[in-house]
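Observations on the model geometry
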Amino acid sequence: MTALTTVTEPGRGPAAVAPGERGATRIADRVVAKIASQAAREAVGPLPPDAAPPHATVVVRHDAARVRVHVELGYPGDIGGRCAQVRRRVVERVRALADMHVPEVVVLVERLHVAAGPVESRGRTR
(Lines give C-alpha, C1' and ligand atoms only; values in the text may rest on other atoms or scores of the structure.)
Protein backbone atom coordinates (compact mmCIF):
# COMPACT_ATOMS: atom_id res chain seq x y z
CA MET A 1 0.00 0.00 0.00
CA THR A 2 1.38 3.41 -0.98
CA ALA A 3 0.64 6.45 1.15
CA LEU A 4 -0.43 9.56 -0.73
CA THR A 5 -0.15 13.15 0.36
CA THR A 6 -2.84 15.64 -0.55
CA VAL A 7 -1.58 18.87 -2.09
CA THR A 8 -3.83 21.79 -2.89
CA GLU A 9 -3.12 23.26 -6.32
CA PRO A 10 -4.21 26.85 -6.95
CA GLY A 11 -7.50 26.93 -8.85
CA ARG A 12 -7.81 23.13 -9.05
CA GLY A 13 -8.39 21.75 -5.60
CA PRO A 14 -6.53 18.93 -3.85
CA ALA A 15 -4.35 16.50 -5.80
CA ALA A 16 -2.67 13.32 -4.51
CA VAL A 17 1.15 13.12 -4.80
CA ALA A 18 2.94 9.77 -4.47
CA PRO A 19 5.97 9.63 -2.10
CA GLY A 20 8.46 9.07 -4.93
CA GLU A 21 7.29 12.23 -6.68
CA ARG A 22 7.45 14.65 -3.75
CA GLY A 23 11.06 15.70 -4.24
CA ALA A 24 14.16 15.40 -2.10
CA THR A 25 16.24 17.44 0.28
CA ARG A 26 19.76 18.14 -0.92
CA ILE A 27 22.39 19.16 1.61
CA ALA A 28 25.11 21.38 0.14
CA ASP A 29 28.72 20.22 0.24
CA ARG A 30 29.74 23.27 2.28
CA VAL A 31 27.18 22.40 4.96
CA VAL A 32 28.60 18.89 5.25
CA ALA A 33 32.10 20.43 5.38
CA LYS A 34 31.04 22.63 8.30
CA ILE A 35 29.61 19.62 10.12
CA ALA A 36 32.89 17.73 9.55
CA SER A 37 34.98 20.72 10.70
CA GLN A 38 32.97 21.06 13.92
CA ALA A 39 33.23 17.31 14.57
CA ALA A 40 37.01 17.49 14.10
CA ARG A 41 37.19 20.41 16.57
CA GLU A 42 35.27 18.32 19.11
CA ALA A 43 37.58 15.33 18.60
CA VAL A 44 40.88 17.24 18.71
CA GLY A 45 40.07 19.06 21.94
CA PRO A 46 41.98 22.10 23.18
CA LEU A 47 44.74 23.35 20.91
CA PRO A 48 47.76 25.56 21.54
CA PRO A 49 46.95 29.29 21.23
CA ASP A 50 48.67 29.71 17.85
CA ALA A 51 47.03 26.65 16.22
CA ALA A 52 44.46 27.06 13.45
CA PRO A 53 41.14 25.29 14.00
CA PRO A 54 40.46 22.17 11.93
CA HIS A 55 38.84 22.68 8.54
CA ALA A 56 37.36 20.21 6.08
CA THR A 57 36.66 19.80 2.40
CA VAL A 58 33.96 17.44 1.21
CA VAL A 59 32.84 15.79 -2.01
CA VAL A 60 29.25 14.51 -1.93
CA ARG A 61 27.95 12.01 -4.47
CA HIS A 62 24.43 10.69 -3.99
CA ASP A 63 24.21 9.94 -0.26
CA ALA A 64 27.94 9.45 0.35
CA ALA A 65 30.41 12.08 1.56
CA ARG A 66 34.18 11.78 1.15
CA VAL A 67 35.88 14.04 3.68
CA ARG A 68 39.37 15.57 3.99
CA VAL A 69 40.10 17.17 7.36
CA HIS A 70 43.11 19.42 7.97
CA VAL A 71 44.25 19.60 11.60
CA GLU A 72 47.07 20.96 13.73
CA LEU A 73 48.02 18.88 16.77
CA GLY A 74 50.08 19.27 19.91
CA TYR A 75 53.34 17.32 20.15
CA PRO A 76 54.40 15.07 21.82
CA GLY A 77 51.28 12.97 21.80
CA ASP A 78 49.57 10.02 20.21
CA ILE A 79 49.14 11.44 16.71
CA GLY A 80 47.70 8.23 15.24
CA GLY A 81 45.22 7.89 18.09
CA ARG A 82 44.04 11.48 17.75
CA CYS A 83 43.62 11.08 13.98
CA ALA A 84 41.52 7.95 14.61
CA GLN A 85 39.35 9.94 17.05
CA VAL A 86 38.84 12.61 14.39
CA ARG A 87 37.82 9.97 11.81
CA ARG A 88 35.32 8.32 14.18
CA ARG A 89 33.77 11.62 15.28
CA VAL A 90 33.44 12.94 11.72
CA VAL A 91 31.74 9.74 10.56
CA GLU A 92 29.25 9.66 13.43
CA ARG A 93 28.35 13.39 13.24
CA VAL A 94 27.92 13.49 9.44
CA ARG A 95 25.81 10.33 9.62
CA ALA A 96 23.67 11.73 12.45
CA LEU A 97 23.20 15.30 11.17
CA ALA A 98 23.22 14.89 7.37
CA ASP A 99 22.10 11.24 7.12
CA MET A 100 25.00 10.46 4.77
CA HIS A 101 27.29 7.46 4.46
CA VAL A 102 30.98 8.41 4.95
CA PRO A 103 33.17 5.82 3.21
CA GLU A 104 36.38 7.84 3.56
CA VAL A 105 37.82 10.36 6.01
CA VAL A 106 41.36 11.53 5.27
CA VAL A 107 43.03 13.37 8.16
CA LEU A 108 45.92 15.60 7.11
CA VAL A 109 48.16 16.81 9.93
CA GLU A 110 49.25 20.23 8.70
CA ARG A 111 51.41 21.21 11.67
CA LEU A 112 52.64 19.92 15.01
CA HIS A 113 52.91 22.32 17.94
CA VAL A 114 55.65 21.48 20.42
CA ALA A 115 54.45 21.76 24.01
CA ALA A 116 56.47 24.16 26.13
CA GLY A 117 58.44 22.26 28.71
CA PRO A 118 61.80 22.22 30.44
CA VAL A 119 64.66 22.84 28.05
CA GLU A 120 67.06 19.94 27.95
CA SER A 121 70.73 20.74 27.70
CA ARG A 122 72.45 19.60 24.58
CA GLY A 123 76.02 18.51 24.22
CA ARG A 124 78.39 16.76 26.57
CA THR A 125 78.01 16.57 30.30
CA ARG A 126 80.91 16.05 32.66
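In what follows, the structure referred to is the one given above.
In this report, the structure presented in the accompanying data block is examined. Bear in mind the structure is a predicted one, so any value in this text is a computation, not a measurement.

**Digging into the environment of D78**
Note on placement: D78 falls in the loop between β4 (64–75) and α2 (79–98). Accessibility expressed as a relative area gives 54% for D78, which makes it exposed.

**A closer look at α2**
A rise of 1.5 Å per residue sets the reference length of α2, with its 20 residues, at 28 Å; its end C-alpha atoms lie 28 Å apart and thus fit the reference within 8%. Where the residues of α2 are buried, they touch α1 (29–44), β4 and β5 (101–114). With its phi angle positive at about 55°, D99 sits one or two positions after the end of α2.

**Some details on the sheet that holds strand β3 (residues 55–61)**
Ordered in space as β3-β4-β5, the 3 strands form an open sheet in which the pairing is mixed. Bordering the open sheet on either side are β3 and β5, each of which pairs with just one other strand. Ignoring strand direction, the axes of neighbouring strands in this sheet form an average angle of 15°. In the packing of α1 onto the sheet, the strands contacted are β3 and β4, and the crossing angle to β3 comes to about 135°. Together, β4 and β5 form the strand contacts of α2, whose direction differs from that of β5 by roughly 140°.

Thresholds applied
Throughout this description, residue numbers start from 1 for each chain and increase along the sequence as written. Thresholds applied to this predicted model are a pLDDT of at least 70 for local features of residues and 80 or more for the giving and counting of side-chain atom pairs; totals over whole chains, interfaces and linings are not thresholded and use all residues. As a rule here, side-chain values cover all heavy atoms of the structure and leave hydrogens and water aside. By definition, any uninterrupted DSSP run of H or I lasting at least four residues is a helix, any uninterrupted run of E lasting at least two residues is a strand, and each is numbered from the N terminus. Residue exposure (1.4 Å probe, protein chains only): buried if accessible area is under 20% of the type maximum, exposed if over 50%, otherwise partly exposed. Helices are assigned an expected span. That span is 1.5 Å times one less than the residue count. By definition in these notes, contact holds between two residues if any of their heavy atoms fall within 4.5 Å. What makes two strands pair is DSSP finding at least two bridges between them. To define axes, lines are fitted to C-alpha atoms, for helices over the stretch in contact only, and angles between the resulting N-to-C directions are given on a 0 to 180 degree scale.

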